[in-house]
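Residue-level listing of the chains:
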Amino acid sequence: MKYWVKKELKPPHGKVYIIEDRCKGCGFCIEFCPQQVLQESEEFNSRGYHPPKLVENDKKCIGCSFCSLVCPEFAIYIEKEEENED
Amino acid sequence: MEIEGEHHPLDEYLRADRIPHIWCPGCGLGTVLNGFLHALEETDIDLKNLAIVSGIGCTGRIAGYINVDSYHTTHGRAIPFATGLKLANPKLKVVVISGDGDLFAIGGNHFIHAARRNIDMTVICVNNYNYGMTGGQLGPTTPLESKTTTTPYGNIEHPFNLCHVAHASGAVYVARWTALHARRMKDSIKEALNKKGFSFVEIIASCPTTYGRRNKMPTGLDTMKYYKEKSVIKHGIEPEKADIEIGGEIIVGKFVDIEKPTFNEEVEKLIRRFHK
Amino acid sequence: MRIEFYNGNVASAEGAIHAGCKFFAGYPITPSTEIAEHMALRLPQVGGVFIQMEDELASMAAILGASWGGVKSMTATSGPGFSLMMENIGLGAMTETPCVIVNVQRGGPSTGMPTLVGQADVMQARWGSHGDYEIIALSPSSPQECFDMTIRAFNLAEEYRVPVIILMDESVAHMSEKVMIPDEKDIKLVERKKASVPPSEYLPYKADDFVPEMACAGEGYNVHVTGLTHDEKGYPQATSPEVQEKLVRRLCDKIRENEEKIRDIEEIEMEDAKIALVSFGISARSCKSAMKKARKDGYKVGIIRLKTIWPFPEKYFEEISEKVKKFIVVEINYGQIKLEVERMVGRKKVVLLPKMGGDIHKPEEIYGKIKEVHNGN
């Protein structure tokens with residue numbers, strides 16, 4: 001598709017915030033992240049659930065906030081980053 | 001590394017001192033509450049004039065988590081309570097959020113009559129196919145053949161198609177989504193909130209603890225994957241063609257969006273006759 | 001001041017209008033329907049809202065909602081509809097929602113005698129909803145009192161934040177008499193206590209003198225109102241016996257401790273009475289006629305007419321039983337207020353003159369009972 005683009009577009013980035021102790025480990029955010037940037041943590045939170053954590057390469061979040069919308073526990077949210085820090 | 005979050009952007013809309021909520025892991029109710037608050041964030045509604053009314057059941061607890069004037073009423077009677085609230089103070093934006101059993105079994109009569117009168121309110125029904133709080137009994141939307149604690153051999157009752165009921169009763173806005181359609185659900189709720197008259201949004205949501213595990217979907221995630229596999233978006237379809245059957249496709253979308261005078265407008269007209 | 005010729009139902013509806021009622025939700029039922037009809041006519045004229053609901057469950061729920069919307073609200077019904085209202089009357093008691101319910105009593109149980117008189121919902125008014133709570137119930141004996149007491153019912157509802165029941169009966173409701181309507185300035189109205197502190201300091205169920213301040217929808221207080229056991233913040237505490245203890249005690253005590261203030265009894269010829277006729281509503285009028293004849297014949301009879309039925313005037317009966325030898329309870333049921341009188345003065349002093357419904361007591365029957373009781377002494 002590059003020939004359509006005059007200027008190179010950089011995909012948006014998001015910072016993932018997790019309020020670990022609110023998580024009940026339903027896995028919605030992990031399963032339905034379109035970029036698959038989340039995985040289940042091996043650690044327990046204070047209530048005995050496994051909250052999500054980022055996969056190794058955390059650059060992949062595009063800040064779509066679907067995780068934040070689908071989370072039943074208000075335990076995850078995204079802040080969009082203005083510029084890429086390449 | 002992910003960052004330790006402290007203050008969720010929606011916390012200002014929540015009674016954050018009551019979070020975590022009582023709902024089970026994998027329950028879709030939190031997602032609906034989340035979608036509702038995101039929708040609210042995108043409207044111009046003055047929170048001071050927003051009132052949430054709910055009935056009894058798991059969904060009935062939703063009112064208690066939203067940091068606005070909120071009323072947790074009796075089983076089935078959220079809509080008439082909300083009717084009184086709205087008619088007494090027309091400035092209020094009144095939203096009823098309750099479950100399928102509360103709104104369509106014990107409260108079914110109130111639903112059809114409020115829709116018929118076109119009372120200016122938004123009704124959001126979280127349909128999880130069963131009575132969750134009492135342990136998973138047959139509800140008015142339980143699909144045929146489903147197992148519940150009171151249909152141990154499979155459900156032999158025909159369920160309601162809630163959107164069809166809403167449409168047939170006169171609702172001016174009717175939409176259905178599943179909890180998986182988080183963004184579209186949010187958009188529909190926003191449209192409903194901005195709509196004048198009786199607007200209705202049905203959200204099909206997981207109940208792993210009492211419905212799912214008896215029906216081969218033991219986790220909320222299983223149910224969400226099922227929604228992903230079975231849902232088909234058909235905007236504008238006649239709601240009567242959107243029945244829900246076990247294993248069949250789940251038709252979602254915006255089905256109805258019409259205009260007609262509301263009860264509140266008619267009342268105001270009547271009062272103006274005496275107060276010119 | 002003006003004079004009208006009203007039946008009890010219309011008088012009650014007019015009383016509501018004069019009390020500042022701005023919302024009525026109801027469902028047609030004999031013999032109360034004229035109240036709904038009159039409210040449908042009058043409310044739009046005063047800027048209020050009338051709505052005919054789909055049933056009495058909805059009517060009761062709607063008036064609670066309207067009250068939280070900030071207006072004075074009312075419904076009217078009769079026995080079968082009153083039964084349907086019970087759950088939400090409980091919600092009203094639990095959430096401390098001011099509102100007025102008129103029950104025009106007819107013969108029961110069940111569909112009973114829709115067009116004829118009864119007084120058998122006395123105990124239902126007190127105990128009809130589940131759980132422990134206290135309620136206020138008034139009983140008018142004339143269209144004038146229907147007017148006056150409806151105003152008082154609203155005042156009590158606002159003052160104590162409790163559903164107030166007007167236990168009318170079919171005879172009073174359908175009896176037309178002269179009703180004096182005072183000028184607006186001469187009608188004393190009570191309004192609910194509003195929140196007096198800013199939202200950050202406000203606790204919706206904190207009460208220093210039994211009755212909490214009320215912040216209605218749209219006032220910026222973000223109040224949570226629930227029928228679940230709740231703390232001072234209004235938050236559910238459904239598994240805390242301590243919170244339940246405190247809440248239920250207050251809900252009951254705010255009425256019990258104010259019984260003398262709420263009490264309204266008409267005493268007729270009680271100064272030297274040895275026999276007291278205890279009655280209310282239409283039955284008290286038959287008593288008057290019987291008493292006059294009995295007095296003429298030398299019997300020392302008086303009347304205790306209960307204008308307030310609930311809370312029951314316990315101390316009053318305790319005190320008066322010291323000088324009264326016998327109490328004849330005249331009521332159109334098989335002994336409901338009788339139980340209360342017995343509880344206070346002892347069974348030996350109480351005689352019941354019941355009627356099962358459909359007809360009122362004739363003065364001669366009451367006179368006969370007075371003679372019988374007198375001779376038995």
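Residues numbered from 1 in each chain as written. Chains lettered and ligands numbered in written order. Predicted model: local features only at pLDDT ≥ 70, side-chain atom pairs only at ≥ 80, totals over all residues. Heavy atoms only, no water.

Draft legend 1. The sheet that holds strand S4 (residues 76-81) of chain A, seen in detail. Spatially, S4(A)-S1(A)-S1(B) is the arrangement adopted by the 3 strands of the open sheet, whose pairing is mixed. The outermost strands of the open sheet, each flanked by one partner alone, are S4 of chain A together with strand S1 (3-4) of chain B. Pairing between strand S1 (residues 13-18) of chain A and S4(A): 6 bridges, direction antiparallel. Bridge pairing links Lys15(A) to Glu79(A) in S4(A). (Pairing = 2+ DSSP bridges. Helix = DSSP H or I, 4+ residues; strand = E, 2+ residues; numbered from the N terminus.)

Draft legend 2. A look at the side chain of Asn127(B). All names here are of chain B. Within the secondary structure, Asn 127 is located in strand S5 (residues 121-127). For Asn 127, a relative accessible area of 1% corresponds to the buried category. Other than its neighbours up to four places away in sequence, Asn 127 contacts Asp 100, Thr 141, Leu 162, Glu 202, Ile 203, Ile 204 and Ala 205. (Buried < 20%, exposed > 50% of the residue type's maximum accessible area, 1.4 Å probe, protein only. Contact = heavy atoms within 4.5 Å.)

Draft legend 3. Here's a closer look at helix H2 (residues 33-42) of chain C. Residue and element names in this part refer to chain C. Among all positions in H2, only Ile 35, Ala 36, His 38, Met 39 and Arg 42 are buried. Across the axial projection of H2, the buried residues extend over an arc of 165°, all falling on one side. More than 90 degrees from the buried face of H2, the exposed residues found are Glu 37 and Leu 41. (Arc of directions from axis to C-beta.)

Draft legend 4. Here's a closer look at the domain arrangement of chain C. All names here are of chain C. When the domains of chain C are assigned, the result is domain 1 (2-186) and domain 2 (263-376). Taken over C-alpha atoms, the centre of domain 1 sits 26 Å from the centre of domain 2. Taken residue by residue, the interface counts 28 residues in domain 1 and 26 residues in domain 2. Taking both sides of the interface into account, the surface hidden between domain 1 and domain 2 amounts to around 2,100 Å²; carbon and sulfur atoms contribute 55%. Summed over the shared surface of domain 1 and domain 2, the number is 3 salt bridges. In this structure, Arg 285 engages Glu 177 in a salt bridge whose closest nitrogen and oxygen atoms are separated by 2.4 Å. In this structure, the connection of domain 1 to domain 2 is made through 20 residue pairs in polar contact (both at pLDDT 80 or more). (Domains from an automatic or database assignment. Buried area = accessible area lost by both parts, 1.4 Å probe. Salt bridge = Lys/Arg side-chain N within 4 Å of Asp/Glu carboxyl O. Polar contact = N/O pair within 3.5 Å; in protein donor to acceptor, adjacent residues only side chain to side chain.)

Draft legend 5. Fine view of the pairing of strand S16 (residues 350-354) of chain C. Residues and elements named next belong to chain C. Burial analysis of S16 places 4 of its 5 residues in the buried class, the great majority of the element. Note: strand S15 (residues 326-331) against S16, 5 bridges, orientation parallel. Within the sheet, the bridge partner assigned to Val 330 lies in S16 and is Leu 353. Chirality of the crossover, the property in question, places the unit of S15, helix H12 (residues 337-345) and S16 among those that are right-handed. (Right-handed = clockwise from strand over helix to strand, strands pointing away.)

Draft legend 6. Spotlight on the pattern of salt bridges. Scanning the entire structure with this criterion turns up 51 salt bridges over all chains. Between Lys190(B) and Glu42(B) there is a salt bridge, with the nearest N and O atoms lying 2.9 Å from each other. Pair noted here: Lys190(B) is in helix H6 (residues 182-194) and Glu42(B) is in the loop between helix H1 (29-41) and strand S2 (50-54), with a separation of 148 residues, a long-range link. By relative accessible area, which is 37% here, Glu42(B) ends up partly exposed. Between Arg343(C) and Glu314(C) there is a salt bridge; the shortest N-O distance is 2.8 Å. Taken as a pair, Arg343(C) in helix H12 and Glu314(C) in helix H11 (residues 314-320) lie far apart in primary sequence, 29 residues in all. Residue class for Glu314(C) comes out partly exposed when judged on its relative accessible area of 35%. Taken together, the salt bridges that share partners define one network made up of Glu191(B), Lys195(B), Lys254(B), Asp257(B) and Glu259(B).

Draft legend 7. Expanded view of the packing of aromatic side chains. Applying the stated rule across the entire model yields 17 aromatic pairs over all chains. Considering the side-chain rings of Tyr71(B) and Trp68(C), the 5.7 Å spacing of their centres and the 55° angle between planes classify their relative orientation as tilted. Linking Tyr71(B) in strand S3 (residues 69-72) with Trp68(C) in helix H3 (residues 56-68), this pair reaches from one chain into another. Neither Tyr71(B) nor Trp68(C) differs from the other in exposure class; each is buried. A ring pair is formed by Trp310(C) and Phe312(C), whose centres lie 6.3 Å apart and whose planes are at 55°; its orientation type is tilted. Note on Trp310(C): relative accessible area 2%, which makes it buried. A residue is classified by how much of its surface remains accessible, and Phe312(C), at 5% relative accessible area, is buried. In this structure an aromatic cluster arises from ring pairing among Phe104(B), Phe111(B), Phe160(B), Phe198(B) and Phe200(B). Of note, Arg126(C) hangs over the ring of Trp127(C), and the distance from its end group to the ring centre comes to 3.7 Å. A cation over an aromatic ring shows up here: Lys293(C) above the ring of Tyr367(C), its NZ or CZ 4.6 Å from the ring centre. (Phe/Tyr/Trp six-rings, centres within 6.5 Å; stacked < 30°, edge-to-face > 60°. Lys NZ or Arg CZ within 6 Å of the ring centre and 35° of its normal.)

Draft legend 8. Up close: the interface of chain B and chain C. Contacts between chain B and chain C engage 38 residues on the former and 42 residues on the latter. Roughly 3,200 Å² is buried in total at the junction of chain B and chain C, and carbon and sulfur atoms are behind 60% of that figure. Linking chain B with chain C are 2 salt bridges. Of the charged contacts, one joins Arg117(B) and Glu54(C) as a salt bridge, the two residues approaching to 2.8 Å between their closest N and O atoms. The tally of links from chain B across to chain C stands at 20 residue pairs in polar contact (both at pLDDT 80 or more). Of all the secondary-structure elements, those providing two or more residues to the side of chain B that touches chain C are S3, helix H2 (78-88), helix H4 (108-117) and helix H8 (263-274) of chain B. Counting residues per element, the side of chain B that touches chain C draws most heavily on H2(B), which supplies 7 residues. Its residues assigned to classes, the side of chain B that touches chain C comprises 15 nonpolar, 15 polar and 8 charged. Bridging between S3(B) and strand S10 (residues 224-226) of chain C involves 3 bridges; their strand directions are parallel. Looking across to S10(C), one finds that Tyr71(B) is bridged to Val225(C). (Nonpolar A, V, L, I, M, F, W, Y, C, P; charged D, E, K, R; others polar.)

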